[in-house]
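Topology and contacts: notes
So you can see what is in the structure, the chains are spelled out below.
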Amino acid sequence: MNHLHTALWGVLPYLVLAFMVTGTAWRYRYDRFGFTTRSSQLHENRLLSIGGPLFHYGLLFVVAGHLIGLLIPEAFTERVHVHEWLYHANALLVGGVAGLATLAGLAILLHRRLRVPAVRGATSRSDHAVYPLLAAVILAGLAATASTTPHHHYDYRLGVSLWFRSLFALDPDVPAMSHAPLVYQTHTLLGMALFALWPFSRLVHAFTAPIGYLARPYIVYRSRGARHVPVNRSAPVVPPPVRDAAARR
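Let me sum up the structure you'll find in this document. All residue numbers here refer to positions counted from 1 along the written sequence of the relevant chain. The predicted origin of the model limits local features to residues at a pLDDT of at least 70 and limits the giving and counting of side-chain atom pairs to 80 or more, whereas totals for whole chains, interfaces and linings rest on all residues. As a rule here, side-chain values cover all heavy atoms of the structure and leave hydrogens and water aside.

What about the packing of aromatic side chains?
For this analysis, a ring pair means two rings from Phe, Tyr or Trp (six-membered ring only for Trp) whose centres lie within 6.5 Å, classed as stacked if their planes differ by under 30 degrees, edge-to-face if by over 60, and tilted for the remaining angles. Counted under the stated rule, the structure contains eight aromatic pairs. Taken together, a centroid distance of 5.9 Å and an interplanar angle of 85° make the contact between Trp9 and Trp163 edge-to-face. Of this pair, Trp9 sits in helix 1 (residues 3–30) while Trp163 sits in helix 7 (residues 160–168); the two residues are 154 residues apart in sequence, bridging distant segments of the chain. In this structure, Trp9 and Trp163 share a single accessibility class: buried. A helix here means a DSSP run of H or I that spans at least four residues, while a strand means a run of E at least two residues long, and both kinds are numbered starting from the N terminus. Burial classification: accessible surface area is computed with a 1.4 Å probe over protein chains only, and a residue below 20% of its type maximum counts as buried, one above 50% as exposed, and the rest as partly exposed.

Quick look at the structure:
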């Protein structure tokens, strides 16, 4: 273990986390109205309706797969009698499909952004840095997933996962990550770079997901015109009161 490994896998993760938290707090404090995805649905909707769900739902499964693979130790799956080949086959199948869906959705969204002039004009400088980086992260993740086979010599749950969980104990297991294959190290470094840029891009809208809408009461809409009042035909008709002309003066 040398100083470079210590800097990359023992110091850099905490710097990225601190930068992400402070950057998000600064963005919320000084650019609260910018805490949005800057929706361009009014400019073009057909490609967005295809690429948006592919990217977002695929990304949800990708994040869920990362959390399961990194946080659940191998001893737990052995305790519940999940065979190693079944675990890796499931990770390869589900993770591969989710990663491909995310990549396909991102490709459609990038094509839309380049093809539609109005959407292209709304592209910010941060987008030019985030989109290629996001694509590189996904491609590196797919490469790492493709290497996850039942007979592969490297088990990331005995390396990358140990390093990731050790970060929460404030005692980084640097050797566990420094001995990981290059594809895992590349995927991790690109991911940390993406999280460092996260607060300053449109990706920050992930922190403003409208979860409160699930428990919010219904909104009742009423017309501005005259309300329809049901008529009771059995009730006597009462003429409206006649106002005094002198009182009006």
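The rest of the description comes next.
Considering the nonpolar core
Among the nonpolar cores identified, the biggest contains 17 residues, and Trp9, Tyr154, Tyr156, Val160, Trp163 and Tyr184 are the most heavily contacted of them. Residue assignment for this core shows that the elements contributing at least two residues are helix 1, helix 7, helix 8 (174–178) and helix 9 (182–197). Once residues within four sequence positions are removed from consideration, Val160 is found in contact with Leu70, Tyr154, Ala176, Met177, Ala180 and Tyr184. The criterion is simple. A nonpolar core is a set of buried Ala, Val, Leu, Ile, Met, Phe, Trp, Tyr and Cys residues joined through side-chain atoms within 4.5 Å. In this structure, Leu109, Val130, Val137 and Leu142 belong to the second largest nonpolar core, which totals 15 residues. Between two residues, a contact is recorded if the distance between any of their heavy atoms is within 4.5 Å.

Considerations on helix 1
Owing to its 3.6 residues per turn, the α-helix brings residues three or four apart onto one side. The span you would expect from a helix comes to 1.5 Å times its residue count less one. With 28 residues, helix 1 ought to run about 40 Å at 1.5 Å a step, and its terminal C-alpha atoms sit 37 Å apart, in line with that. The largest bend along helix 1 measures about 45° and falls at Val11, with the proline Pro13 one to four residues further on. For helix 1, every residue scored as buried is listed here: Trp9, Gly10, Pro13, Val16, Met20, Gly23, Thr24 and Arg27. On its buried side, helix 1 packs onto helix 7, helix 8 and helix 9. Two N or O atoms form a polar contact when they lie within 3.5 Å of each other; inside protein one atom must be a possible hydrogen donor and the other a possible acceptor, and for residues adjacent in sequence the pair counts only when both atoms belong to side chains. Where helix 1 begins, the side chain of Asn2 points an oxygen toward the backbone nitrogen of Leu4, at a separation of 3.2 Å. One fitted axis covers the seven residues ending at a residue, a second covers the seven starting there, and the bend at that residue is the angle between these axes.

Points about unusual backbone geometry
Phi angles above zero are rare outside glycine, and His81 is one such case at about 65°. Classification of His81 by relative accessible area gives exposed; the value is 67%. Of note in this structure, Leu170 is not a glycine but carries a positive phi near 60°. Mapping Leu170 onto the fold places it in the loop between helix 7 and helix 8.

What to know about the environment of Ala129
Considering the arrangement of structural elements, one finds Ala129 in helix 6 (residues 125–146). Accessibility expressed as a relative area gives 40% for Ala129, which makes it partly exposed. As for Ala129 and Leu194, which are separated by 65 residues in sequence, their C-alpha atoms are 9.4 Å apart.

Looking at the side chain of Gln185
Considering the arrangement of structural elements, one finds Gln185 in helix 9. A polar atom in the side chain of Gln185 sits 3.2 Å from the backbone oxygen of Ala180. Leaving out residues up to four positions away in the same chain, Gln185 has contacts with Trp9, Met177, Ser178, His179 and Ala180.

As for the packing of helix 1 against helix 9
To get an axis, a line is fitted to the C-alpha atoms, and for a helix only the part in contact is used. The angle between two axes follows their N-to-C directions and goes from 0 to 180 degrees. Remark: helix 1 packs on helix 9, axes separated minimally by 8 Å, with the N-to-C direction vectors making an angle of 25°. Classified by the angle between their axes, helix 1 and helix 9 sit roughly parallel to one another. Note on packing geometry: the crossing formed by helix 1 with helix 9 is left-handed. Contacts from Leu8, Trp9, Leu12, Pro13, Val16, Phe19 and Met20 of helix 1 reach helix 9 at Gln185, Thr188, Leu189, Met192, Phe195 and Ala196. When describing relative orientation, an angle under 35 degrees is termed roughly parallel and one over 145 degrees roughly antiparallel, while 65 to 115 degrees is termed roughly perpendicular and anything else oblique. Throughout, a crossing is termed right-handed when the near helix is turned clockwise from the far one, and left-handed when it is turned anticlockwise from it by less than a right angle.

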